[in-house]
Amino acid sequence: MASRNSRGFLPQSESDLLLWSENFKMLITEAPATYGLDAAKATAYASTQDAFASAFQIARDPSTRTRPNVATKDAAKDDLIASSRNLSKIVEGTPSVTDAQKLALGLTVRKAPTPRPVPGDAPTIEVMNVSFRSVMIRLHGDEPSRRGRPVDVAGASIFSFVGDTPNDDPKAWRFETSTT
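All figures in this text were calculated on a predicted structure; none of them were measured in a lab. (Residues numbered from 1 in each chain as written. Predicted model: local features only at pLDDT ≥ 70, side-chain atom pairs only at ≥ 80, totals over all residues. Heavy atoms only, no water.)

Right, let's get into helix α2 (residues 39–60). Counted at 1.5 Å a residue, the expected span for α2 with its 22 residues is 32 Å, and the 31 Å between its end C-alpha atoms agrees. Of the positions making up α2, those classed as buried are Ala42, Tyr45, Ala46, Thr48, Gln49, Phe52, Ala53, Ala55, Phe56 and Ala59. Those residues of α2 hidden inside the fold are in contact with α1 (14–30) and α3 (67–92). (Helix = DSSP H or I, 4+ residues; strand = E, 2+ residues; numbered from the N terminus. Expected span 1.5 Å × (residues − 1). Buried < 20%, exposed > 50% of the residue type's maximum accessible area, 1.4 Å probe, protein only. Contact = heavy atoms within 4.5 Å.)

Have a look at this one:
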């Protein structure tokens, strides 16, 4: 298909957008419920797509290419893009729509996120400096010389406890900060 830009799944060129939207319109008007849509939404999209197709053809023809016609085409294109995005969000949010159906519509199929595993060991905490009531600490994993977070670690939450022996009750600890 055509090159893509910041519009995500939508083609960059207007002629490719026209082809994409014709396919999208055809599939959702045939069986809107299959994609989590209703007939009214599919019909409204068909009207929006038809308006863009008509305005595109008028603005493309050298004999009818005028500033007002180009402005009409641009407005119809903006409406089509907004409608395409809105309907694609509904389709994306419909659990019964398969990846194959999304691909047939020309939508991007996102990979499921892979959860990060829980670190095997608790981090080591080093007290670097104590100045009055401020304590500077350094957290690190198994390799104290390695800079940065350990592999697969997103951040750390720092809690403090005042007393001779740490308490097992989480309510006795005070949250201080989170760090990445």
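What follows concerns the side chain of Ser84. Relative to the helices and strands, Ser84 is located in helix α3. A relative accessible area of 0% means that Ser84 is categorised as buried. Residue contacts for Ser84: discarding those within four places in its chain leaves Phe9, Leu10, Trp20 and Tyr45.

Tallied over the entire structure, the rule returns nine salt bridges. A salt bridge links Lys73 to Glu14; the nearest nitrogen and oxygen atoms lie 2.8 Å apart. On the criterion of sequence distance, the pair formed by Lys73 in helix α3 and Glu14 in helix α1 is long-range, its members being 59 residues apart. The partner of Glu176 in a salt bridge is Arg174, with the nearest N and O atoms 3.8 Å apart. Several salt bridges converge on common partners, so that one network encompasses Glu14, Lys73, Asp74 and Lys77. (Salt bridge = Lys/Arg side-chain N within 4 Å of Asp/Glu carboxyl O.)

Attention now moves to the confidence of the model for the protein. Scored by pLDDT, the protein has a mean of 88; 96% of the residues are at 70 or more. Every residue in residues 1–6 scores below 50 in pLDDT, and together they form 11 contacts with partners more than four places removed in sequence or on other chains. (pLDDT = per-residue confidence, 0-100.)

In this section: the packing of aromatic side chains. Enumeration according to the criterion identifies six aromatic pairs in this entry. Look at Phe9 and Trp20: their rings are 5.6 Å apart centre to centre, the planes differ by 40 degrees, and that puts the pair in the tilted class. On the criterion of sequence distance, the pair formed by Phe9 in the segment before α1 and Trp20 in helix α1 is long-range, its members being 11 residues apart. Grouping residues by exposure puts Phe9 and Trp20 together as buried. Considering the side-chain rings of Trp20 and Phe24, the 4.9 Å spacing of their centres and the 15 degrees angle between planes classify their relative orientation as stacked. On the criterion of helical spacing, the pair formed by Trp20 and Phe24 is a turn pair, its members being four residues apart in helix α1. With a relative accessible area of 0%, Phe24 lands in the buried category. Taken together, the ring pairs connect Phe9, Trp20, Phe24 and Tyr45 into an aromatic cluster. (Phe/Tyr/Trp six-rings, centres within 6.5 Å; stacked < 30°, edge-to-face > 60°.)

Relative to each other, α2 and α3 sit at 150 degrees, their axes nearing to 8 Å. Between α2 and α3, the crossing angle belongs to the class labelled roughly antiparallel. The two elements α2 and α3 cross, and the hand of that crossing is left-handed. The residues of α3 that touch α2, namely those facing Lys41, Tyr45, Thr48, Gln49, Ala51, Phe52, Ala55, Phe56, Ile58 and Ala59, are Asn69, Val70, Thr72, Lys73, Ala76, Lys77, Asp79, Leu80, Ser83, Ser84, Leu87 and Ile90. (Axes fitted to C-alpha atoms, helices over the stretch in contact; angles between N-to-C directions. Parallel < 35°, antiparallel > 145°, perpendicular 65-115°, else oblique. Left-handed = near helix turned anticlockwise from the far one by under 90°.)

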